[in-house]
Amino acid sequence: MSYFAKIQPTGLANKYLVTEVISADQEFISSGVVGSPADWVQTSYNTHGNVHYAPSPPAEPGTPDGGIALRGNYAGIGYTYDVPNDVFYAPQPYPSWTLDENAQWQPPVPYPTDGVMYAWDEETTDWKAITNG
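Keep in mind the model is a prediction, meaning the values are calculated, not measured. Note on numbering: residues in each chain are counted from 1, in written sequence order. Per-residue local features are limited, in this predicted model, to residues with pLDDT of at least 70; the limit for side-chain atom pairs, both in listing and counting, is 80 or more; totals at the level of whole chains, interfaces and linings are taken over all residues. To get the side-chain values, take all heavy atoms of the structure and skip hydrogens and water.

Asks: Can you break down the nonpolar core residue by residue, with the values?
Replies: To qualify as a nonpolar core, a set must consist of buried Ala, Val, Leu, Ile, Met, Phe, Trp, Tyr and Cys residues joined through side-chain atoms within 4.5 Å. Partly exposed describes any residue whose relative accessible area lies between the buried limit of under 20% and the exposed limit of over 50%, with all areas from a 1.4 Å probe on protein chains only and scaled to the type maximum. If you look at the biggest cluster of nonpolar residues, it comprises 8 residues: V87, Y89, W97, A103, W105, Y118, W120 and W127. By the criteria applied, helices consist of DSSP H or I runs no shorter than four residues and strands consist of E runs no shorter than two, each listed in order from the N terminus. Among the secondary structure elements, those contributing two or more residues to this core are strand 7 (87-89) and strand 10 (118-121). Whether two residues touch is decided by their heavy atoms; if any such pair falls within 4.5 Å, the residues are in contact. Excluding anything up to four places from it in sequence, A103 contacts N73, V87, F88 and Y89. Counting residues in hydrophobic clusters, the runner-up holds 7 residues, among them I7, V18, V41 and Y81.

Put into structure tokens, the structure is as follows:
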């Protein structure tokens, strides 16, 4: 069984909006039962950040397994399918964030690694420590 994302035009050249994701086999998609086969693009549940991850043993789940990454990320409702780059990516979380070569949104300032929890502040385009109270 494979996963397929239903896409529809956004009005932007070569960009499509994901409106549905289903588990099906290629024959079912090709049959036209769910509409035009051209409206469906295969996606991989095991692909994230342009890396293929192990689904289950023998490897630990979530471990890169060297498999072929399919279309950058597993598609989700509201994601964009970018035809020229043949990738799915999530909606942009903040206007200041940019899309990297692995179809992941990156902040203009890296997340701090000092063990403190932070939240993004778009007004200052920086991370702000989360405090109690």
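Asks: Describe the sheet that holds strand 6 (residues 80-82), with residues and values.
Replies: DSSP bridges decide pairing: two strands pair if at least two such bridges lie between them. Spatial strand order, 3-1-2-6-7: 5 strands in an open sheet with antiparallel pairing. Of all strands in the sheet, those with a lone pairing partner are strand 3 (40-43) and strand 7, marking the two edges. Averaged over neighbouring strand pairs, the angle between their axes works out to 45° when direction is ignored. Between N-to-C directions, angles cover 0 to 180 degrees, with each direction set by a line fitted to C-alpha atoms, over the stretch in contact for helices.

Asks: So what's going on with the environment of A69? Residues and values would help.
Replies: Within the fold, A69 resides in the loop between strand 5 (51-52) and strand 6. Between the C-alpha atom of A69 and that of Y45, which follows or precedes it by 24 residues, the distance is 9.9 Å. In contact with A69, not counting residues within four places along its chain, are T47, N50, V51 and H52.

Asks: An account of the side chain of T80 is needed here, citing residue identities and associated values.
Replies: Relative to the helices and strands, T80 is located in strand 6. Looking at T80, the relative accessible area reads 16%, which means it is buried. T80 has contacts with K15, Y16, V87, F88 and Y89, leaving out every residue within four places of it along the chain.

Asks: Report on the side chain of T43, specifying residues and quantitative values.
Replies: Along the chain, T43 turns up in strand 3. In terms of polar contacts, T43 uses its side chain to reach the backbone amide nitrogen of A75, at 2.8 Å. When residues no more than four places from it in sequence are discounted, the contact partners of T43 are Y3, F4, A5, V21, L70, N73, Y74, A75 and F88. In protein, a polar contact means a hydrogen-donor-capable atom and an acceptor-capable atom, both N or O and within 3.5 Å, with residues adjacent in sequence counting only if both atoms are side-chain atoms; elsewhere, any N or O pair within 3.5 Å suffices.

Asks: Please give an account of a nonpolar patch on the surface that cites residues and values.
Replies: In this scheme, patches are assembled from residues that exceed 30% relative accessible area and form no salt bridge. Like charges are connected within 9 Å, while nonpolar side chains (Val, Leu, Ile, Met, Phe, Trp, Tyr) are connected within 5 Å. Accessibility throughout is a Shrake-Rupley quantity obtained with a 1.4 Å probe, and a residue counts as covered only by protein chains that appear here. Salt bridge, as used here: a side-chain nitrogen of Lys or Arg that lies within 4 Å of a carboxyl oxygen of Asp or Glu. A surface patch of nonpolar side chains, amounting to about 330 Å² of accessible area, comprises Y111, M117 and I130. With respect to the element layout, Y111 can be found in the loop between strand 9 (105-106) and strand 10. Judged by its relative accessible area of 39%, Y111 is partly exposed.

Remember that the coordinates give geometry; whether it matters functionally is a separate question.
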